[in-house]
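Structural overview for review
What follows is each chain in one-letter form.
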Amino acid sequence: GELALLLDRQNPAAELGLLVVHACLLLLRGTTAPSKDRATLDRMLRVLPVRDRRVLELRYRHDLTQAEIGECVGVSAMHVSRIIRRSITQLQDAA
């Protein structure tokens, strides 16, 4: 699928990390994806703690605000922002 193609490209690591994170976020938004891409996404997301995966899902699949996410998971909106930034960095590092 498209995600596998992104992973196979000969790109510098940082650029590849950004492409993979972008692809993950598109898949989290619920775009139609082949099962192979979905499996790759699931594997990559396993590097994140459950709460962090949930925050990304609420943000990018359900379009909740950081304040709304904070209410759902019991943290401040500022902490949600930190979780999102840290999670994206972890996904880039895992790519």
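First, a word on scope: everything that follows refers to the structure included in this document. (Residues numbered from 1 in each chain as written. Predicted model: local features only at pLDDT ≥ 70, side-chain atom pairs only at ≥ 80, totals over all residues. Heavy atoms only, no water.)

So, the pattern of salt bridges
Counted under the stated rule, the structure contains three salt bridges. Note that Arg51 is salt-bridged to Asp52, the shortest N-O span being 3.7 Å. In this structure Asp52 comes out as buried when scored by relative accessible area, which is 2%. For the salt bridge of Glu57 with Arg54, the shortest nitrogen-to-oxygen distance reads 3.5 Å. Taken together, the residues span about one helical turn, with Glu57 and Arg54 both in helix H4 (residues 50-60) at a distance of three residues. (Salt bridge = Lys/Arg side-chain N within 4 Å of Asp/Glu carboxyl O. Buried < 20%, exposed > 50% of the residue type's maximum accessible area, 1.4 Å probe, protein only. Helix = DSSP H or I, 4+ residues; strand = E, 2+ residues; numbered from the N terminus.)

A few points about the nonpolar core
Counting residues in each nonpolar core, the largest one holds 16 residues, and the members touching the most others are Leu45, Val55, Leu56, Ile69, Val80, Ile84 and Leu91. Only helix H3 (35-45), H4 and helix H6 (77-94) provide two or more residues apiece to this core. Ranked by the residues each element gives to this core, the list is headed by H6, at five residues. Those residues in contact with Val55, other than ones at most four positions away along the chain, are Ile69, Val73, Val80, Ile83 and Ile84. (Core = buried A, V, L, I, M, F, W, Y, C linked by side-chain atoms within 4.5 Å. Contact = heavy atoms within 4.5 Å.)

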